[in-house]
Every structure is written in structure tokens, then in C-alpha cells.
Amino acid sequence: MIQDLNGLRFDNQYRNVCPDEEDLIISLRDGQIMMKGDRTHLSFPRCRELPPDEQKNLRYLFAIEEERYFVAWDLELEGYRYEKMQYMRAGGPKKTIYAGLVARQIGRFYEALHFCGKCGHPMEHSDHERMMHCPNCGNSEYPKICPCVIVGVIHDGKILVSQYRGGFTDHYALIAGFAEVGETIEECVAREVYEETHVHVKNLKYYKSQPWPFSDSLLFGFFCELDGDDHIIIEEDELAMAKWASPEEIYESFNDYSLTNEMLCKFRDDYRKAGRLLL
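Keep in mind that what you see is a predicted model, and the values were worked out from it rather than measured. (Residues numbered from 1 in each chain as written. Predicted model: local features only at pLDDT ≥ 70, side-chain atom pairs only at ≥ 80, totals over all residues. Heavy atoms only, no water.)

Okay, the overall build of the protein next. In terms of regular secondary structure, the protein is built from 4 helices and 15 strands. In terms of its C-alpha atoms, the protein occupies a principal-axis envelope of roughly 65 × 45 × 30 Å. Counting across all 279 residues of the protein, residues that qualify as buried make up 47%. Sequence separation of 24 or more characterises 65% of the internal contacts of the protein that already satisfy a separation of 6 or more. Working note: accessible area of the protein is about 14300 Å², and carbon and sulfur atoms make up 48% of it. The average position of the 32 basic charges and that of the 48 acidic charges among the side chains of the protein differ by 4 Å. (Helix = DSSP H or I, 4+ residues; strand = E, 2+ residues; numbered from the N terminus. Buried < 20%, exposed > 50% of the residue type's maximum accessible area, 1.4 Å probe, protein only. Contact = heavy atoms within 4.5 Å. Areas by Shrake-Rupley, 256 points an atom, 1.4 Å probe, with all protein chains shown as cover. Lys, Arg positive; Asp, Glu negative; His and termini not counted. Charge placed at Lys NZ, Arg CZ, Asp CG, Glu CD.)

Between its terminal C-alpha atoms helix 2 (residues 94-111) stretches 26 Å, which fits the 26 Å expected from 18 residues at 1.5 Å a residue. A large share of helix 2 lies buried, amounting to 15 of its 18 residues. (Expected span 1.5 Å × (residues − 1).)

Turning our attention to the pattern of salt bridges. All told, the structure shown has 21 salt bridges when counted by the stated rule. Here R68 ties to D20 by a salt bridge, and the two come within 3.3 Å at their closest N and O atoms. With R68 in strand 5 (residues 67-73) and D20 in the loop between strand 1 (10-11) and strand 2 (24-29), this residue pair connects regions lying 48 residues apart in the sequence. Here D20 falls in the partly exposed class, since its relative accessible area comes to 48%. A salt bridge links K243 to E249; its shortest N-O distance comes to 3.3 Å. Judged by relative accessible area, K243 falls into the partly exposed class, the value being 26%. Overlapping salt bridges bring together E183, R191, E192 and E195 as one network. (Salt bridge = Lys/Arg side-chain N within 4 Å of Asp/Glu carboxyl O.)

Attention now moves to unusual backbone geometry. Even without glycine at this site, N203 takes up a positive phi of about 55°. With respect to the helices, strands and loops of the structure, N203 is situated in strand 13 (residues 201-212). Phi angles above zero are rare outside glycine, and D216 is one such case at about 55°. Within the secondary structure, D216 sits in the loop between strand 13 and strand 14 (217-226). By relative accessible area, which is 10% here, D216 ends up buried.

Taken in spatial order, the 6 strands make up an open sheet running 1-4-5-2-3-6, and their pairing is mixed. Two strands close off the open sheet at either side, each with one partner strand: strand 1 and strand 6 (81-84). Bridge count for strand 2 against strand 5 is 5 bridges, and the pairing is parallel. Note that in strand 5 the partner of L24 across the bridge is Y69. Those strands touched by helix 2 are strand 1, strand 2, strand 3 (32-35), strand 4 (59-64) and strand 5, and its axis lies near 150° from that of strand 4. (Pairing = 2+ DSSP bridges. Axes fitted to C-alpha atoms, helices over the stretch in contact; angles between N-to-C directions.)

For the rest of this paragraph, the subject is the sheet that holds strand 7 (residues 124-125). If you trace the 3 strands from one edge of the open sheet to the other, you get 7-8-9, paired in antiparallel fashion. Taken across any chain shown, the strands that pair with only one partner, and hence form the sheet edges, are strand 7 and strand 9 (140-141). Both strand 8 (residues 132-133) and strand 9 contribute to a ladder of 2 bridges, which runs antiparallel. Its bridge partner being in strand 9, M132 is matched across the sheet by E141.

Time to look at the pairing of strand 11 (residues 158-164). Within strand 11, 5 of the 7 residues are buried, leaving the element largely enclosed by the surrounding structure. As judged from the 2 bridges shared by strand 10 (residues 146-155) and strand 11, these two strands associate in the antiparallel manner. In the strand pairing of strand 11, I154 is matched with I159. Where strand 10 folds back onto strand 11 in an antiparallel hairpin, the turn is made up of 2 residues, including D156, whose phi is positive at roughly 50°. The pairing of strand 11 with strand 15 (residues 239-245) spans 6 bridges and is antiparallel. Along strand 15, the bridge assignment pairs S162 with A242.

Shown next as C-alpha cells:
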């Protein structure tokens, strides 16, 4: 998946350090990310490409192996352009894509906390961790991470697939949704499936997790079985369609990108090979 960097180590521990000439810079503007190159060979500038007065405004993000990344805002450099996050979905190399997406997630955190939500006083950056602190009232804020479930419901050799209203129409989705305050992830699975399709589930089996910077989420993938009637009644405010699909109807190509895609492909390939999920 997108966070699997072919064995490269992603170190997201915050460090209060200054950039060197060879450190990479990710500049943000209005939800977009500055880059150059075509979609399959994207790259970010090095610190040495910035004017000296711009280098003092950089803030450390993370490291991938020995390469360090810093965030900036509204830089203008010849040869570079700003693109939306979605532009990077099918891009490469993978470490560049993931670095840009995580940088945008951290950037949203900083952008939302210029002022304290309790007293309105300007917030300050912590020197020892990724946190914003209010010197007036003592309020501390950390990056937002939203737990979310992705659910593959299986019944009689078929899987429950959907398409979201206003979403992609060229591939299937699985039932998904955010956890509510006070509920467990397992309770979230049952609630989301019922809310969107009016079917019940049982025998949950955890599959895998995935950080998803597009929505500040941490995704939890589950497979489970239908419990009771298989008649689907979709939540029309969210879904355009939902149905039980056989392995032969799953036309997705494995893209090594999203948890949803991997789960759909696993269902199809396992059922073709063994007639069951191989978990």
C-alpha cells in the first residue's frame, strides 16, 4: 500500500533542527503541494534551491532513511508548480508521494491552529514535540487522527461492494465510515454496515490497517460474514449503489496503493484459488 516504502524506514519523530542544504522542502498552498516532473517522476526542491531568507521559515517534518523533509508555505521556485493531493494518487516514486501526502496532513494541522480554540490567543510551536501550545491558557493541541473502518462483508462466495454518491464510478468501494465518540472499532463496523445497507454482520476478522493522509484517517480493515437476511437497502444520501459481487465481477487491478483495493483483490484472488479467504 501507499505507506509501504519498499523497505525504507519512515521516521516521523519530531526534531527541533535546522535544515541543511540537501534537505528536501515540501511547500504548501491552499491545499496544494509544490512539485516538478511528470506524474511518474515527481520531486521536491532541496533547501539549497531556496533564497536564504526563505530557509529560516522551514519546520522539520520527518525523515525517510537519511533524507530529511521540511515544510514551508507559499514558496515560488522556477520549474515547480502546485498540484492537488489527488494528482499524486497514481504518481511516483512512492516515497515522494507518501512524503507529500503526510506533509499535507501535518500542514493542515498547523494551518488550523494559528489561534487557540479556548481563548483565541496566538498559538506557539513546541520545541520538543509536534504540538501547538497556547502560552496564555496552557491549551495544547496535537495532530488529528480519525479512526475509520473499511469492511468486506462476505456471503455465499460474494462480497458486498458499493459506489458512493458523487464518488468514483470506475471502480468499487467497500463499506466504510468513521468511528463515533464512545464506540469501539468493532461496534463501528456493525453500525456503518447497517446504516449504509441495512444488513447485519458477524464473525469479524481484522485484516490490516493503513494511514490515510487524504482525510487525516487511520483505516482499520475487517472482513466479516453476513448475519441474517441478505436484502440490501442502501442509504441513498451516501451510496449510489450496493450489491453482492462474485469474484468474477471484481474487475479492479491491484495497485499497491489503497487498503480498499487490496481487500477487493484479496477476496477475488483467494476465492478463485481456494474458494475462501486465506487469512
